[in-house]
Amino acid sequence: MGNSHSHHLVLLQQVTNEKFCCDICDEDIFEPSFYKCNSCDYSVHKKCYQINHHFHPPHPLKLSTTKNFFICNSCHKQHNNQPYFTCEKCNFYMDVKCVKMPPILSNDDHDFENSDHHGRIKQHFTHQHPMPLISIRGENPRIKCIACSRTCSNEAYGCKYCVCFLHKTCANLPEQIQGHFSYPNHTLYFHISSHRCSKCKLCENSSIIFSFKCRQCNIHFCVSCVVAMFKPINFKYHEHSLYFVERIHGTNFDYCDGYDSYCKNSVLKKKPEFNRNTKLCGFCCVDCGFKVHLQCGILPSIVQYKYHTHPLVLVDWAIDNDGCYECYCDICETERDPRFCAYICEDCKYVAHVQCLASEIINVLKGDLRDVKLKIVGDDAWKFSGEIQNQLVEIRKKEDSIFTFQDLIHTLTELEEECFKNHFFWLKVRNKNLTNKMQSIETTPLVLNDENIDELLQISSFTENEYISFIYHEFKSFFREKNHLDIKSSDLLLKIVDVEGNYSIPLNFVCVMKHILHNYGDIGHNSTSSSSLKSICFFLICRVMKKMYATLVIDISKDLLREWYCYIRFAKVYGNFDVGFIEESFKAVTRDFFFIQVSKLLDHEIPNVINNNMGKLQEKLNGVYGELQNKMEEYESKLEMRKRFCETTSEKKLMKRKIDNVIKLKWKTASQVGF
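Owing to the predicted nature of the structure, the values given are computational and were not obtained by experimental measurement.

A.B. asks: Any chance you could explain the overall build of the chain here in plain terms?
C.D. replies: Scanning the chain from terminus to terminus reveals 19 helices and 33 strands. A burial count over the chain gives 51% of its 675 residues as buried. Across the chain, the fraction of contacts at a sequence separation of at least 24, relative to all contacts at a separation of at least 6, is 63%. When the accessible surface of the chain is summed, it comes to about 34200 Å², and 47% of that surface belongs to carbon and sulfur atoms.

Below you can see the structure in the form of C-alpha cells.
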C-alpha cells in the first residue's frame, strides 16, 4: 500500500454515497469531511490525519504520505515509501503500525518464549512500551540490542510487541555525557537517527541509529565506541590515547598506522594468521584518526585459554633456542608462520595463534584494564632492568618547529643535505592519509630467470670469504655510484623527540637508541657534523638494528643486505660514526645469507626451475631444433654444473658443516645471528 506513488491527499467536505474505509484505523468513514487521494482509494479520517500520541506529548503528529526514507523513533526499524506520522519541529517519525499500537497497561503479556520474567521493568526513553528485564537462555540471533546491534545474552530489557531489546549496559547509558576525558571540551548528547543513519567518527560504521552526538562539531560516536572510550589505552608511539574498537568498518583500515606492522608486508598480510578476527578490530584515536590493527599493535601480555591449564604468554617469536616449538598451532592444529607473534606455554611447549585466541583477547580489552599488562609487539628486544632503565637517557618531546623526521632533514646544512640527497630519495609528504596505501613492504620471493641462475651458480662456487668480498665490492660500487635508496613516507612522518639534548630521534627508535648507548656508548661522539646529520645517522643505524631484529634469516634478501650496508656506510663516511659493532654483525648475517642461499637454491629451486623450463621446451621440440636445441643443451649443462658443485661440496667438510648449521638458523632473526 502506498509504494507506487506519493498520495496527494485532498480534504473532501461533501456528502457522498460511496463508501470509504480509513487506511489508518481500518474503520468505515461516515463523516463528510475526510482526506482522500484522487489517484487511488487511499482515504483517511480527518481525526486520523493529525493525532496526539503519548510517546511524543509536546506536539501533535501529522500524517505524511510523501515518499520518504525514515527510521521509526519507536521500533527503530527502517522504512521506505510508506505513510508515516511525523513532528517536523522535532524531526520525529513513527510508522503507522507503531502509532496504532495501544499503550501497554499490564505486564502480564511480557513473557518471552525461553525466557524468565523477573518483574523488573524499564521505561526507556527510546521506546514507547515498558521493557521488562528478561533472562535469555541459549543463543538466539533474533535477540539483538537496538542500541549497539550486538546479540544479547544472559539478561536484557525487551519488548516482544516491537521485538526491541537493550543490553543492560546500553539501557543504563546517560542521555548526555559531560566532560568525557576522550572528548573533554564538548558535551555528547544521546541521539536517535530518524531520517538517515549516522556515521561513527571512531569505527566509521555508517549505519548507526543510536549515537552520542556533539552538536558543536556535528560528529557522532556509536554506542559501542562510547563504551570503549571509557577505557583509554596508552600507546607509547602515539601522542594521544587510543581506544579499542571491536569492529572497524572503514575501507581505509586495510593499512594501519603501525610502524613496520604485519599489514604492510605484502606477503604476511595475506597469511591466515592475519585474518578477519584480527584485521577488522584494533585501536583508534579520537583526536587524529590514528589506527592500529589488533595484531599489529597492542596485545595482552598474558591470556587464559579455557582449554589449557596454564596461562599463555605473548612472545614475538614462538621458536626456542633448541628449535623445540614446531610451527603448528595447538588450538586449530594447522601450520603457523613463525614470523608472527604467538601465545605460548613454555612448560607444555604449547603454542597458539593470536587469531585462535581472538575472542579471549577481545574480552580482556573490553574489560577492566587496570590490572592488565599490555604489550607492544616487537618491544621485547629493547628492554632493560629497572635499575639500568632509570640511568638511561631522558626524553622530551620537541617544542620547536621540528616535529617529524621530514622536518629534521630540512634542518641539515646545505652541504649535508646535498650529501644526503646523493644517496637517498624521498617525496615530500603533507598528509599521512595520502600515504596509507603506499606503505606495503615488498618481500616477494625471488623469481628465478636464466640471468639469476647464472649468478647463483657463480656465487655457489665461491668460498665464504670470496663471496663476502664479492658482494661487498658490489655494495660498495652501488654506494660510490650514488644510487638512491628510498626513504619511505612512513619514516618521514615519524614524530621526533630529543634524547639528552644531543640527538633528535624518531620516537619509534628511542628504545633501540637506548640499547646502543647502553651497550656501545655514544657511537657519534667523534663526529663534527651538525646535530641534525648526527641524528639522521643515528636513525639509520637504529633502523638497521630494528630491522635485523624483525627479519628472519630465511627472509633476508640481497636487496635488504644492500640497504643495510648503505645505511651503515653513510653513517660511517659522512657522520664519522663508530659502527664497528654493527659492521661485524652485518658480516655475520651476510655469511649466513650466503650459506642459506647456496643450500636452498642448489638443492631445490634451481633444479625445479630448470627442469620446468626444459619440460616446456621439450613440448616445442617436435621437429623444431636450432635455438631450442641449444637452449636445452645449455640447461643440461647448468644442471651438470650444479651436480658437480654438490658432489664437490660434500667432500668439503667445512662447507657442508656450515650449510648444515645455517639451515638450523633459518628461523632465527638476523639480530640473533649477528649480535
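A.B. asks: What should I look at first to understand helix 11 (residues 464-480) in this one?
C.D. replies: Given 3.6 residues to a turn, an α-helix orients residues that are three or four positions apart in the same direction. Between its first and last C-alpha, helix 11 extends 24 Å over 17 residues, near the 24 Å set by a 1.5 Å rise per residue. Along helix 11, the residues that are buried comprise E464, Y467, I468, I471, F475, S477, F478 and F479. K482, located one to two residues past helix 11, shows a positive phi value of around 60°.

A.B. asks: Got a minute to help me understand the pairing of strand 17 (residues 188-192) in this structure?
C.D. replies: Within a regular beta strand, the side chains point alternately toward one face of the sheet and then the other, so they alternate between its two faces. Only one face of strand 17 is covered, namely the one carrying L188, F190 and I192; the face carrying Y189 and H191 has none of its residues buried. Two strands pair when backbone bridges link them, and strand 16 (residues 176-177) and strand 17 are joined in this way by two bridges, in the antiparallel orientation. Opposite Q176, over in strand 17, you have Y189 as the bridge partner. Two elements, strand 17 and strand 18 (residues 210-214), share five bridges in a ladder whose sense is antiparallel.

A.B. asks: Just to check I follow, could you spell out the pattern of salt bridges for this structure?
C.D. replies: Close approach of charged atoms lets side chains of opposite charge pair. Scanning the entire structure with this criterion turns up 18 salt bridges. Between K421 and E417 there is a salt bridge, with the nearest N and O atoms lying 3.5 Å from each other. On the criterion of helical spacing, the pair formed by K421 and E417 is a turn pair, its members being four residues apart in helix 9 (residues 414-423). A relative accessible area of 39% means that K421 is categorised as partly exposed. By sharing partners, the salt bridges in this structure join K271, D337, R339 and D555 into a single network.

A.B. asks: Please explain the sheet that holds strand 24 (residues 302-303) as it appears in this structure.
C.D. replies: Whenever strands of a sheet pair, they do so through backbone hydrogen bonds, lying parallel or antiparallel. Sheet architecture is open: four strands sit in the order 24-25-26-27, paired in antiparallel fashion. Looking at the sheet topology across the chains shown, the edges are occupied by strand 24 and strand 27 (350-352). One ladder, built from two bridges, connects strand 24 with strand 25 (residues 312-315); its direction is antiparallel. Looking at the pairing, V303 lines up with L312 of strand 25.

Analysis parameters
- Residues numbered from 1 in each chain as written.
- Predicted model: local features only at pLDDT ≥ 70, side-chain atom pairs only at ≥ 80, totals over all residues.
- Heavy atoms only, no water.
- Helix = DSSP H or I, 4+ residues; strand = E, 2+ residues; numbered from the N terminus.
- Buried < 20%, exposed > 50% of the residue type's maximum accessible area, 1.4 Å probe, protein only.
- Contact = heavy atoms within 4.5 Å.
- Areas by Shrake-Rupley, 256 points an atom, 1.4 Å probe, with all protein chains shown as cover.
- Expected span 1.5 Å × (residues − 1).
- Pairing = 2+ DSSP bridges.
- Salt bridge = Lys/Arg side-chain N within 4 Å of Asp/Glu carboxyl O.

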